[in-house]
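Coordinate inspection notes
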Amino acid sequence: MSVCEPPRRPDPLGVGLGDTVRDAGSGRIGRVMGFVGPYVQLRPVGGGREWEALLEGLGPVTRPEALRESVARSNARSRGERL
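Described below are features of the structure shown in this document. (Residues numbered from 1 in each chain as written. Predicted model: local features only at pLDDT ≥ 70, side-chain atom pairs only at ≥ 80, totals over all residues. Heavy atoms only, no water.)

**Observations concerning the pattern of salt bridges**
Applicable threshold: Whenever a carboxyl oxygen of Asp or Glu lies within 4 Å of a side-chain nitrogen of Lys or Arg, that contact is scored as a salt bridge.
Going through the model one piece at a time under the given rule, you end up with three salt bridges. Here Glu81 ties to Arg79 by a salt bridge, and the two come within 2.7 Å at their closest N and O atoms.

Below, the structure is given as structure tokens:
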């Protein structure tokens, strides 16, 4: 680990800071921003308000899925939609 790299939390599911995951509880895709107790803090791929999810409810996301989510949020923002 380099000096500039934030520490990654070891867990059995392999989820770490900066990973893109799907929250099964809400169906949303987000980036892991932090860990608080049994919860993982997630932020939408294109930016926005964080939410919390249980670690056990997170699943993997493919690159095309993450890109699709980011583009959809950017398009909605350009149309003036509230996200």
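**Side note on the pairing of strand S2 (residues 29-36)**
As a reminder of what qualifies: In this description, strands pair whenever DSSP reports at least two bridges between them. Strands are runs of DSSP state E lasting at least two residues, helices are runs of H or I lasting at least four, and both sets are numbered from the N terminus onward.
With three bridges connecting them, strand S1 (residues 20-23) and S2 associate as antiparallel partners. Directly across from Arg22, in S2, lies its bridge partner Ile29. The loop that links S1 with its antiparallel partner S2 comprises five residues; one of these, Gly27, has a positive phi angle of about 80 degrees. Relative to strand S3 (residues 39-44), S2 runs antiparallel, the two sharing six bridges. By the bridge assignment for S3, Gly30 is matched with Pro44.

**Things to note about the side chain of Asp23**
So the rule is basically this: Exposed residues in this analysis have more than 50% of their type's maximum accessible area, buried residues have under 20%, and partly exposed residues fall in between, with area computed by a 1.4 Å probe over protein chains only. Note on charges: Lys and Arg go in the positive column, Asp and Glu in the negative column, and His and the chain ends are not counted at all. In protein, a polar contact requires one atom able to donate a hydrogen and another able to accept it; more generally it is a pair of N or O atoms within 3.5 Å, and residues adjacent in sequence count only if both atoms are side-chain atoms. Any two residues whose heavy atoms approach within 4.5 Å are treated as being in contact.
Here Asp23 lies in strand S1. Among buried charged residues, Asp23 stands out as having no salt bridge; its nearest opposite-charge side chain is Arg28, 6.6 Å away. Side-chain polar atoms of Asp23 contact the side chain of Ser26, separated by 2.9 Å. Apart from residues lying up to four places away in sequence, Asp23 is in contact with Arg28, Leu42, Trp51, Ala53, Gly57 and Leu58.

**Thoughts on the nonpolar core**
In plain terms, the rule: Residue types Ala, Val, Leu, Ile, Met, Phe, Trp, Tyr and Cys, when buried and joined through side-chain atoms within 4.5 Å, form a set referred to as a nonpolar core.
Ranked by size, the top nonpolar core spans nine residues in total: Val15, Val21, Val32, Val40, Leu42, Trp51, Ala53, Leu55 and Leu58. Elements that contribute at least two residues to this core include exactly S3 and strand S4 (51-54). Excluding residues that lie within four positions of it along the chain, Leu42 makes contacts with Val21, Asp23, Gly30, Arg31, Val32, Met33, Arg49, Glu50, Trp51, Ala53 and Leu58.

**As for the packing of aromatic side chains**
What describes a pair of aromatic rings is the distance from one ring centre to the other and the angle between the planes of the rings. Worth spelling out the cut-off: Centres within 6.5 Å are what make two rings of Phe, Tyr or Trp a pair, Trp counting through its six-membered ring; a difference in plane orientation under 30 degrees is then read as stacked, over 60 as edge-to-face, and the rest as tilted. We call a charge positioned over a ring when the NZ of a Lys or the CZ of an Arg lies within 6 Å of the ring centre and within 35 degrees of the ring normal.
Taken as a whole and assessed by the stated rule, the structure comprises zero aromatic pairs. Between Arg28 and the ring centre of Trp51, over which it is positioned, the NZ or CZ distance is 3.8 Å.

**Focus on the environment of Arg63**
Relative to the helices and strands, Arg63 is located in helix H1 (residues 63-78). Judged by relative accessible area, which is 75%, Arg63 ranks as exposed. Residues Arg63 and Thr20, 43 residues apart in the sequence, show an inter-C-alpha distance of 8.8 Å.

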